[in-house]
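Read off the chains here:
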Amino acid sequence: MITKAKNFIAEKKNAVLASEKRKHGGKEIIMEFALAAIAVVLAMLFRDQIEDVISTLGTTFSTKINSIFTSNL
């Protein structure tokens, strides 16, 4: 009788824990969506600055790569 009660309690505890995990999964999806929306808004606000940084990085990488290959000749 005691083992049946312990098993019953363990099953209910696992059911409660499983339901809590499901509840948190929905919150995580909402948080991820909110973070993605914030990232899009920031990208739109700082579009020109991001474009300048990317073009500067591209130019710098291109210059460095060209200098590596031309110095070995």
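Structure shown above.
Residues numbered from 1 in each chain as written. Predicted model: local features only at pLDDT ≥ 70, side-chain atom pairs only at ≥ 80, totals over all residues. Heavy atoms only, no water.

Moving on: the overall build of the protein. Broken down by element type, the protein carries two helices and zero strands. A buried classification covers 0% of the 73 residues belonging to the protein. Counting only carbon and sulfur atoms, one obtains 69% of the accessible surface of the protein, whose full area is about 7,000 Å². (Helix = DSSP H or I, 4+ residues; strand = E, 2+ residues; numbered from the N terminus. Buried < 20%, exposed > 50% of the residue type's maximum accessible area, 1.4 Å probe, protein only. Areas by Shrake-Rupley, 256 points an atom, 1.4 Å probe, with all protein chains shown as cover.)

To continue, consider a nonpolar patch on the surface. Taken together, Leu35, Ile38, Val40, Val41, Leu42, Met44, Leu45, Phe46, Ile50 and Ile54 make up a surface patch of nonpolar side chains, about 990 Å² in accessible area. Listed by contribution, the elements that provide at least two residues to the nonpolar patch are helix H1 (2-45) and helix H2 (47-71). Looking at which element gives the most residues to the nonpolar patch, the answer is H1, with seven residues. In this fold, Val40 is placed in helix H1. For Val40, a relative accessible area of 48% puts it in the partly exposed group. (Patch = residues over 30% accessible without salt bridge, like charges linked within 9 Å, V, L, I, M, F, W, Y side chains within 5 Å. Salt bridge = Lys/Arg side-chain N within 4 Å of Asp/Glu carboxyl O.)

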